[in-house]
Amino acid sequence: MAKGGKKSRSPSKKPKQNGGGVDETAKKTTVSSSKPLTNGTTHSDSGAEENLKVAVRVRSFNKRELDMNAKPIIEMSAGQTVIRNPAEPAEDGKKFAFDYSYWSFDGGKQRSDGFWEPDLAQPNGKKYCDQNKVFEDLGKGMLGNAWEGYNSTLFAYGQTGSGKSYSVVGYGPNKGIVPMFCEQLFAEIDTKKGGDTAYEVTFSMLEIYNEIVRDLLNPNSDKKKGLRIRQHPKKGFWPEQLAVVPVDSYQAISNKMDQGATTRTIAATNMNATSSRAHTIVCITFIQKSKNSAGQELAKSSVVNLVDLAGSERVSSTGATGDRLKEGAAINQSLSALGNVISALADQSNGKKVKVPYRDSVLTQLLMNALGGNSKTIMIAAISPADINYEESLSTLRYADRAKQIKTRAIINEDPTEKMIRELQDENARLKKMVQGGGGSIEDHEDYKKELEENEREMEEMRKSFEEKLLLAQAESAASGVKTSAEVAKQRAKYPHLYNLNIDPQLNAMVVHIIKSGKYRIGNAKGSKSDIVLSGPSMLEQHAIIVSAKDHLAVTLEKATEQARVLVNGKPITGQMQLRHNDRILFGTSQLYVYANPLEQKKNPTAKYPTVTYEMAQGEIAEASGFKISQGGELAQSDRAAQEKLIQVMPAVEDANSISEKLDKMMKFEAILVSPQLFGKPDSEWEVLIRVRNFANGLQYNWTTEKFMERYAQMRGLYEDVEDGDIKLSDVTADKDPFVEPTKDPTLIGVASAYLKSLAYFMPMKTQTAIKDLSGQDAGVLNISLTNCDAAGNTLDENSSAAWVDSTKALIGKDLYFRFLISRAYGIPARFTDIYCAFNFKFGDEKEKRSIKTKKVSGTSNPVFEHNETLCFKNIDAATLSVIENGRILVELWGVQVPTSRDDRDNRDTRAMLAADAMNKGVLPQMMNSSDSKSSFEVDVLRQRQAKIEAKLQYMREICTVGEARGMDTVPLSYIKGILDAPGVDTLDKWAKMFEYKGIHDGRPASANRINKSTTCVIS
Ligand SMILES: Nc1ncnc2c1ncn2[C@@H]1O[C@H](COP(=O)(O)OP(=O)(O)OP(=O)(O)O)[C@@H](O)[C@H]1O
Ligand SMILES: [Mg+2]
């Protein structure tokens, strides 16, 4: 993994030719280049400062939200957006004001062509904003700016699935800003063409994933290191050698966008399930060339950046805390850096002098001008309307609120072309001098040389005419054999084909494999004979074979090798099988395709086919592998959320096992569902954890999904580096190995429950309770006892005057002290040592809240703790009483795992161990059912209570017998009350004796009043 860490470019490695780097507090940067993502040219006009414009858009409920019966919490009126906290319905919502608020929640209807438009028949019809409205406000303004020679940037921010891509790029007939902008730009150019002005448009498209910049129009650019980000004292940052393609029509841009999306899809599929963590930037430059009265050529240029950011969700706080390899992953580095830059810029606008940390990520470097420099900038904050996304939506609104304070200063970029060339020449002369002068480090020299070359290249580009460049690009494109989307669509209507499914709906069907007649071999890139190349650790050189008959109706699929993993509709295939229209096929662990056959469909026009989605296809795979996944219907909210998490993580888990197998890492990964009850949080969601087992040393860990996904990204990196021969596996040290977990840290063995109910009845409880591990399996037993006591710690037993309660309500307003004894555990798995228990007592009074740990016990599976703790529920209220009656203390058992060499391995490799484990697996881990152990506590409490009640009845009976024997008709009330209220056997005895000897004579014992008072049970 040595390289993994290096992948993210260290900001300190930037060229330093300008001495101290750019002045990052400067509001204006001047540039002279047609390069994308950078500034326009200098101009005497310093530009007016203006605020970044912010638009907020709320979409309609998605399927998930509808299934979960979500409630809307967003309101918009008169430019104000209000968000309500579902946990505090009585509270006023939080209010935000932005430049534009777009209501796309309800009030719309879908036209027959699929376009969503306002439906004036609905109450909110007038309010509904469709794509046209958003373009009218935002896109048109950007278009106007482009014509005037201003740079502009639009970026969309929001959690995954909130509608960023919908606004920026759009779906099908609901075109977003990018296509509409391009369409209109060319429409306007067409009307103006033919005059003295020449128009030049270029297009480029890149993606930032894990701090690596990938040129989406040049899939062959170094996919591992990505494009280098270069910095120029004047020009700012730009990705070196990014393909900047001249275009002459909307169709040409549209084709390029499809090509870019296909590159993204292939990369995302290979990256597995993490695609929505990538940022996509589309860059359009628009140059208008004309001659001024002196005959000098002027170029008015505008750079337009359209940025579709990755989903903004924060890693959950229970997530990968302090993982040592986290830094290397840097998956969301760009997004958090963007947050910091926005904050710093907002502070700056408020007059604070702060440094803006543009250098902290690739994204912020590339957006430097968009955010703090020469650009008119718009942010779209996309939010979900649903209560279940409250936290994320609120965080997005706050982010946007901060962003709107940012000020930029855009200028009209208009300069003589000659001047731009002259500037480049001057710059090159300066660089040459530096190279010849011999000062600076070797690294600096390399940088100067690179920059020189780049400048030369750029000058040459400038000298070429646009027509020349256009012809060249068109010829290249034709030679590349890349089909346009129109050509692909035509073939899809004619032939059977496979199209891909991706977790990001934007990337669905971006990769299409047409199947004409004959044999198609499917395998990884190493299999030179493959007709369809699919890569990834789980793909074999020869993986599967598809044979299509001449009539294109009989199309069969079979595995090429026994070990190949091929699932159809969730189930593994065995022999050759005939494919049916709409079948879902998974090759390996991550190549998910749908088989479609238009001819079969035509033959059976009445056949009904379900809509295939990524979630549906992953759901059936998870279900077939044993997880009960329910499709639709009544499903508890928490179950559904867990189901979704599982679907997201399962492909990566499978893939991690493939990597483990390929690298012979002796590790197995499994997703497990952990009941919220296990953590004492019955109202929250099921947790998905990844159980990690090491066959070589018997150790076992539970990783959060976040930690797993980070490690998984590194495993992919390691696998690719090893595959490409960049590093040797044996050179990877344990601290850089994503498969290795440090052994000295304690891990959770399991949890045991101590129910508190007995305390409410002053009954001592001594019991043995099960220790359940996270997958709900037994990991030993724990002996504990709970005993009521007084403030000094003295036991209040049955005979204490205070120790008898019939109604627990009597506890309200009192203090309840008790001793909690953790005596010992039995049967802890042998791999643990340094075992200790930890629990939190976090009820009621602040002063009484505590986190407690017992001592550590080593070298035994049956550790003795004998830990005694006096605890107190102070000033009990109704809520605390309910905790005592129904709650429990969760005792966690922790221990350090000791690696043992496993002799049952018999020299088997990872593949054999995984196969053997799958055979032994049997049933899936049980989910923890805490009610079993709870009921045993209940029974104990009931039994004790019953014994007390029976004792009282017995005394009553005795009184009756004695009374009858003496011929009495009545018994004084005081005796009955005395017995009913008696706190213990001693008191009962006293009353019985008194009745026997005195009751008949004086009717009431002298001490009755006093005893009655003391029967209020609570101590202190
Ligand atoms: N305004 C809207 N009207 C109707 N449907 C919408 C709207 N916004 C989003 N959607 C739908 O919601 C789904 C998710 O939207 P989208 O892909 O734009 O999310 P995203 O924010 O780009 O997510 P990610 O971060 O995963 O890329 C899509 O199916 C899209 O069609
Ligand atoms: Mg998106």
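See the structure printed just above.
Along each chain, numbering runs from 1 in the same order as the chain's sequence is written. Think of it this way: whatever chain is written first is A, whatever ligand is written first is 1, and the rest follow in order. Whole-chain, interface and lining totals are the exception, using all residues; otherwise, since this is a predicted model, local features are given only for residues with pLDDT of at least 70 and side-chain atom pairs are given and counted only at 80 or more. Values reported for side chains reflect all heavy atoms of the structure, with hydrogen atoms and water molecules removed beforehand.

Student: In this structure, what is going on with helix α3 (residues 131-148)? I would like to understand it.
Tutor: Every α-helix carries 3.6 residues per turn, so stepping three or four residues along brings you back to the same face. Numbering of helices and strands runs from the N terminus, with a helix taken as a DSSP run of H or I at least four residues long and a strand as a DSSP run of E at least two residues long. The span you would expect from a helix comes to 1.5 Å times its residue count less one. If you check α3, its first and last C-alpha atoms are 24 Å apart, about what 18 residues at 1.5 Å a residue would give, namely 26 Å. At any given residue, the bend is defined as the angle formed between two axes, one fitted to the seven residues that end at that position and one fitted to the seven that begin there. Along its length, α3 shows its largest kink, about 35 degrees, at aspartate 137. Per-residue accessibility, obtained with a 1.4 Å probe over protein chains only, is compared with the maximum for each type, and a residue is labelled buried under 20%, exposed over 50%, and partly exposed between these values. All of the buried residues in α3 are Gln131, Val134, Phe135, Leu138, Gly139, Met142, Leu143, Asn145, Ala146 and Trp147. Residue aspartate 130 occupies the N-cap position of α3, its side-chain oxygen lying 3.2 Å from the main-chain nitrogen of asparagine 132. The first or second residue beyond α3 is glycine 149, which carries a positive phi of 100 degrees. In protein, a polar contact requires one atom able to donate a hydrogen and another able to accept it; more generally it is a pair of N or O atoms within 3.5 Å, and residues adjacent in sequence count only if both atoms are side-chain atoms.

Student: Looking at this model, I keep getting lost on the nonpolar core. Mind explaining?
Tutor: Across soluble globular proteins, nonpolar side chains have a tendency to be buried as a group. Of all hydrophobic cores here, the largest spans 52 residues; its most connected members are Ile83, Ile208, Leu309, Leu338, Leu371 and Met379. Whether two residues are in contact is decided by their heavy atoms: any pair within 4.5 Å suffices. Excluding residues within four positions of it along the chain, isoleucine 83 makes contact with Ile73, Ile74, Gly93, Lys94, Phe96, Tyr390, Ser393, Leu394 and Leu397. To qualify as a nonpolar core, a set must consist of buried Ala, Val, Leu, Ile, Met, Phe, Trp, Tyr and Cys residues joined through side-chain atoms within 4.5 Å. Formed by 42 residues, the second largest nonpolar core is a distinct cluster that contains Val134, Val178, Phe186 and Ile284.

Student: Please clarify how the sheet that holds strand β31 (residues 584-587) should be interpreted in this entry.
Tutor: To summarise the sheet geometry, strands pair through backbone hydrogen bonds and adopt either a parallel or an antiparallel arrangement. Strand order in the open sheet formed by six strands is β23-β22-β32-β31-β28-β29, and the pairing between neighbours is antiparallel. The outermost strands of the open sheet, each flanked by one partner alone, are β23 (512-514) and β29 (571-572). Contacting β22 (497-500) and β23, helix α15 (residues 485-494) crosses the sheet at an angle of about 50 degrees to β23. Pairing between strands is defined by DSSP: at least two bridges between them are needed. For helices, the fitted axis covers only the stretch in contact; all axes are lines through C-alpha atoms, and the angles between them, taken along N-to-C directions, range from 0 to 180 degrees.

Student: Just checking my understanding: could you explain the sheet that holds strand β27 (residues 555-559) for this structure?
Tutor: If you walk across this open sheet you meet the five strands as β25-β24-β26-β27-β30, and the pairing is mixed. Strands with a single pairing partner mark the edges of an open sheet, and in this sheet they are β25 (532-533) and β30 (577-578).

Student: I would appreciate a short explanation of the pattern of salt bridges in the present structure.
Tutor: Side-chain pairs of opposite charge can arise whenever the charged atoms involved come near each other. The salt bridge criterion pairs a side-chain nitrogen of Lys or Arg with a carboxyl oxygen of Asp or Glu, the two atoms within 4 Å. Tallied over the entire structure, the rule returns 37 salt bridges. The residue arginine 84 makes a salt bridge to glutamate 75 at a minimum N-O spacing of 2.9 Å. Note that lysine 404 is salt-bridged to aspartate 401, the shortest N-O span being 3.0 Å. Connected via shared salt-bridge partners are Lys109, Arg111, Asp113, Glu117 and Asp119.

Student: What should I look at first to understand a negative patch on the surface in this one?
Tutor: Only residues above 30% relative accessible area that lack a salt bridge enter a patch, with like-charged residues linked at up to 9 Å and the nonpolar side chains Val, Leu, Ile, Met, Phe, Trp and Tyr linked at up to 5 Å. Residue-level accessible areas treat just the shown protein chains as cover; the underlying method is Shrake-Rupley with a 1.4 Å probe. Counted as positive: Lys and Arg. Counted as negative: Asp and Glu, with His and the chain ends omitted from the count. Charged side chains are reduced to one point each, which is NZ for Lys, CZ for Arg, CG for Asp and CD for Glu. A cluster of like negative charges, contributed by Glu446, Glu453, Glu456 and Glu460, occupies part of the molecular surface. Locating glutamate 456 in the fold gives a position in helix α13 (residues 442-463). You can call glutamate 456 partly exposed: its relative accessible area is 37%.

Student: Is there a simple way to think about unusual backbone geometry in this case?
Tutor: The bulk of non-glycine residues show a negative phi, and the bulk of peptide bonds are trans. Residue alanine 78 is not a glycine yet carries a positive backbone phi of 40 degrees. Locating alanine 78 in the fold gives a position in the loop between β3 (74-77) and β4 (80-83). Unlike most non-glycine residues, alanine 509 shows phi in positive territory, near 55 degrees. With respect to the helices and strands, the residue alanine 509 is situated in the loop between β22 and β23. Its relative accessible area of 24% is what places alanine 509 among the partly exposed residues.

Student: Which parts of the structure should I look at to understand the packing of helix α12 (residues 417-437) against α13?
Tutor: To describe two helices that pack against each other, one gives the angle between their axes and the distance between the axes. In the contact formed by α12 and α13, the axes pass within 9 Å of each other and the chain directions differ by 155 degrees. Taken as axis vectors, α12 and α13 run roughly antiparallel relative to one another. As for the relative orientation of α12 and α13, their crossing is left-handed in sense. Residues Met420, Ile421, Leu424, Gln425, Glu427, Asn428, Leu431, Lys432, Met434 and Val435 of α12 pack against His445, Tyr448, Lys449, Glu451, Leu452, Asn455, Glu456, Glu458, Met459, Met462 and Arg463 of α13. Residues are grouped as follows: Ala, Val, Leu, Ile, Met, Phe, Trp, Tyr, Cys and Pro are nonpolar; Asp, Glu, Lys and Arg are charged; all remaining types, including Gly, are polar. Looking at the contact of α12 with α13 residue by residue, the classes come out as ten nonpolar, four polar and seven charged. Each angle gets one of four labels, with under 35 degrees taken as roughly parallel, over 145 as roughly antiparallel, 65 to 115 as roughly perpendicular, and the rest as oblique. Here a crossing is called left-handed whenever its near helix is offset anticlockwise from the far helix by less than a right angle, and right-handed whenever the offset is clockwise.

Student: How should the site of ligand 1 be read in this particular structure?
Tutor: Of all residues adjacent to ligand 1, which total 15 residues, the nearest are Gly161, Lys164, Ser165, Tyr166 and Tyr171. Side-chain polar atom of tyrosine 171 to an oxygen atom of ligand 1: 2.4 Å apart, as the coordinates give it. The element that contributes the greatest number of residues to the shell around ligand 1 is helix α4 (residues 164-168), accounting for three residues. Per-class residue counts for the shell around ligand 1 are two nonpolar, nine polar and four charged. One heavy atom suffices: a residue is near a molecule or strand as soon as one of its heavy atoms comes within 4 Å of it.

Student: Can you help me understand helix α21 (residues 878-886) in this one?
Tutor: Listed in full, the buried residues belonging to α21 are Thr880, Leu881 and Ile884. Down the axis of α21, the sector holding all buried residues measures 105 degrees, keeping them to one side. What points out from α21, more than 90 degrees from its buried face, is the exposed set Ala878 and Ala879. Against α20 (757-760), β39 (816-826) and β42 (864-873) lie the buried residues of α21. Directions drawn from the helix axis to the C-beta atoms are what define this arc.

Student: Looking at this structure, I do not really get the pairing of strand β2 (residues 53-58). What am I missing?
Tutor: A large share of β2 lies buried, amounting to five of its six residues. As paired elements, β2 and strand β6 (residues 100-103) share four bridges and run parallel to each other. Paired with valine 56 across the bridge in β6 is serine 101.

Geometric descriptors of this kind do not, in isolation, establish any biological role.
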